[in-house]
Amino acid sequence: MTTASAGQSLSGPERASQHSDQDRKIVRPYGDTTGDGRVQLSFTLPVPYGTSEQRARAEGAALQLAAKMGMDPAMVVHAKGMGPDFTFFIVYGRVAHLVDLSEVIVAEREFPLLPAAEINLRIRSALGRKLVVVGACIGTDAHTVGIDAILNVKGHAGEKGLEYYREMRIVNLGAQVAVPDLVARARAEQADAVLVSQVVTQRDAHLHNTKEMSAAFREALPAEKRPLLVVGGPRFDEMMTAELGVDRIFGRGTTPREVASYLVNALITTKQKAA
Ligand code: B12
């Protein structure tokens, strides 16, 4: 996950890095020829696209938005009615904005990627029992493909999922799990880590649900008994751990071995170093 904005303060300084001065490089987007500033933007407006007059008005509305966003010149390269009252647009145009690469903030992986054998070995020698992981999609979210990609033995992106690790015990609760049920099950299973997936972001549901979940665990369990709280999904900002009350956030393209390595680092290596 990468976030960028001029003068933005770092919310996760221990994991964030900026390029040094020697990397300072200004770039601009291009579409047809290098540096021409051309970008393509898609959006939907609540306007009809039926009659020729409606079409002209709709495209005019799209161009007005593009102009207000700083695209000049801009042209509608695709417009399609979506039902009677909406139109989807793709607008192509030029922006004058520059990108300063030295101001790009990147969340860096704070733990080493370990091979599966090493992960199993570390768990066995440190815990002397299986590491228990409880996973779920919470709230009304039924998008289980992401959490299954991490947990199910078949895995993701050529890597086996956490079920493959013989020193882990995985309890996958599936879709639409209510937060109180998740807390109760995590307690019953004596979970070391709870992995929650949130894919739907309408009205910031992923943020509200995650906050509700972390608050419920904090209320139900004292700090030393609380499982590690991990949330993942394609539209999270990985820098928001403190705000959401979780230990780690994983975004788009996460692989199971990254998660397994993180769990070992957070639950075993970090504690061993602190002891
Ligand atoms: C498949 C799909 C569905 C399937 C889900 C089937 C299932 N069992 O999961 C079905 C058809 C049921 C569905 C339904 C809906 N969907 Co849908 N769906 C998708 C789709 C096409 C793909 C999602 C997917 O499987 N991605 C593949 C997985 C592997 O990727 P991932 O989820 O990002 O997971 C990776 C990482 O994010 C991360 N990760 C994810 N979770 C976790 C958790 C942890 C702990 C960790 C460590 C990592 C991690 O690791 C994974 C592997 O790298 C997306 C569009 C898209 N192309 O993304 C829309 C999409 C997510 N759906 C959307 C919508 C709106 C809906 C519906 C509301 C539609 C409707 N009106 O009914 C319903 C909602 C149902 C519900 N109650 O949740 C929207 C969400 C928009 C938004 N802003 O929130 C999307 C983006 C489509 C769109 N462009 O509009 N959907």
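Thresholds, definitions, all that
Residues numbered from 1 in each chain as written. Predicted model: local features only at pLDDT ≥ 70, side-chain atom pairs only at ≥ 80, totals over all residues. Heavy atoms only, no water. Donors = N, O, S within 2.8 Å, 3.2 Å for Na, K, Ca; no water. Helix = DSSP H or I, 4+ residues; strand = E, 2+ residues; numbered from the N terminus. Polar contact = N/O pair within 3.5 Å; in protein donor to acceptor, adjacent residues only side chain to side chain. Phe/Tyr/Trp six-rings, centres within 6.5 Å; stacked < 30°, edge-to-face > 60°. Buried < 20%, exposed > 50% of the residue type's maximum accessible area, 1.4 Å probe, protein only. Lys NZ or Arg CZ within 6 Å of the ring centre and 35° of its normal. Pairing = 2+ DSSP bridges. Axes fitted to C-alpha atoms, helices over the stretch in contact; angles between N-to-C directions. Contact = heavy atoms within 4.5 Å. Near = heavy atom within 4 Å. Nonpolar A, V, L, I, M, F, W, Y, C, P; charged D, E, K, R; others polar. Salt bridge = Lys/Arg side-chain N within 4 Å of Asp/Glu carboxyl O.

## Some remarks on the coordination of the cobalt atom of the ligand
Right, so step 1: Of the protein atoms, His143 (NE2) alone serves as a donor to the cobalt atom of the ligand, at 2.2 Å.
Right, so step 2: Checked against the element boundaries, histidine 143 lands in the loop between strand E9 (131-137) and helix H3 (145-151).

## Concerning the side chain of serine 261
Right, so step 1: The topology assignment puts serine 261 in helix H7 (residues 256-274).
Right, so step 2: Here the side chain of serine 261 touches leucine 114 through a polar contact of 2.9 Å, landing on its backbone nitrogen.
Right, so step 3: Here arginine 257 takes part through its backbone oxygen, which lies 2.8 Å from a polar atom of the side chain of serine 261.

## Quick notes on the packing of aromatic side chains
Right, so step 1: Taken as a whole and assessed by the stated rule, the structure comprises four aromatic pairs.
Right, so step 2: Summarising the aromatic geometry, the rings of phenylalanine 43 and phenylalanine 89 are spaced 5.6 Å apart at their centres and angled 35 degrees between planes, so their arrangement reads as tilted. Within this pair, whereas phenylalanine 43 is found in strand E4 (residues 38-45), its partner phenylalanine 89 is found in strand E6 (residues 86-94), the two being separated by 46 residues in sequence. By the burial criterion, phenylalanine 43 is buried, and phenylalanine 89 matches it.
Right, so step 3: Seen from their ring centres, phenylalanine 250 and tyrosine 262 are 5.7 Å apart, and the 75 degrees between their planes marks the pair as edge-to-face. One end of the pair, phenylalanine 250, is in strand E13 (residues 248-250); the other, tyrosine 262, is in helix H7, with 12 residues separating them in the sequence. Of the two residues, phenylalanine 250 and tyrosine 262, both sit in the buried class.
Right, so step 4: Among the aromatic residues, those joined into a ring-pair cluster are Phe111, Phe250 and Tyr262.
Right, so step 5: When the ring centre of phenylalanine 111 is taken as reference, the NZ or CZ atom of arginine 109 above it lies at 5.8 Å.

## Here we look at the sheet that holds strand E12 (residues 228-232)
Right, so step 1: Read across the sheet, five strands follow the order E10-E9-E11-E12-E13 without closing on themselves; strand pairing throughout is parallel. In this open sheet, the two strands that pair with only one neighbour each are strand E10 (168-172) and E13. If you compare each strand with its neighbour and ignore which way they point, the axes differ by 20 degrees on average.
Right, so step 2: As defined by bridge partners, E12 adjoins E13 across three bridges and the pair is classed as parallel. Paired with valine 231 across the strands is isoleucine 249, a residue of E13.
Right, so step 3: Along the sheet face, helix H4 (residues 179-189) touches E9, E10 and strand E11 (193-197) and points at about 165 degrees away from the line of E9.
Right, so step 4: With respect to the sheet, helix H5 (residues 205-220) is in contact with E11 and E12, its orientation differing from that of E12 by roughly 170 degrees.

## Some remarks on the site of the ligand
Right, so step 1: Taken together, 27 residues lie near the ligand, and His143, Thr144, Ser197, Thr201 and Thr254 sit nearest.
Right, so step 2: Contact between the ligand and histidine 143: a nitrogen atom at 2.8 Å from a side-chain N or O atom of the residue.
Right, so step 3: For the ligand, a nitrogen atom lies 3.3 Å from a polar atom in the backbone of glycine 232.
Right, so step 4: Every element with two or more residues in the shell around the ligand is listed here: H3 and E11.
Right, so step 5: With four residues, H3 is the single largest residue contributor to the shell around the ligand.
Right, so step 6: Per-class residue counts for the shell around the ligand are 11 nonpolar, 14 polar and two charged.

## Some details on the environment of alanine 223
Right, so step 1: On the secondary structure map, alanine 223 appears in the loop between H5 and E12.
Right, so step 2: Residue classification places alanine 223 among the exposed residues on the basis of a relative accessible area of 65%.
Right, so step 3: Along the backbone, alanine 223 and aspartate 181 are 42 residues apart, and their C-alpha atoms lie at a distance of 20 Å.

## Quick notes on the sheet that holds E6
Right, so step 1: The three strands lie next to each other as E4-E6-E5, forming an open sheet whose pairing is antiparallel. Two strands bound the open sheet, and with one partner strand each, they are E4 and strand E5 (74-82). Across this sheet, the average inter-strand angle for adjacent strands is 15 degrees, counted without regard to direction.
Right, so step 2: Both E5 and E6 contribute to a ladder of eight bridges, which runs antiparallel. If you follow methionine 75 over to E6, its bridge partner there is tyrosine 92.

## Digging into the pattern of salt bridges
Right, so step 1: Counted by the stated rule, this structure contains 11 salt bridges.
Right, so step 2: In this structure, the salt-bridge partner of arginine 169 is glutamate 189, at a minimum N-O distance of 2.9 Å. Of the two residues, arginine 169 is situated in strand E10 and glutamate 189 in helix H4; the sequence distance between them amounts to 20 residues.
Right, so step 3: Using a relative accessible area of 33% as the deciding quantity, one classes arginine 169 as partly exposed.
Right, so step 4: By relative accessible area, glutamate 189 is classed as buried at 15%.
Right, so step 5: Overlapping salt bridges bring together Glu110, Glu238 and Arg248 as one network.

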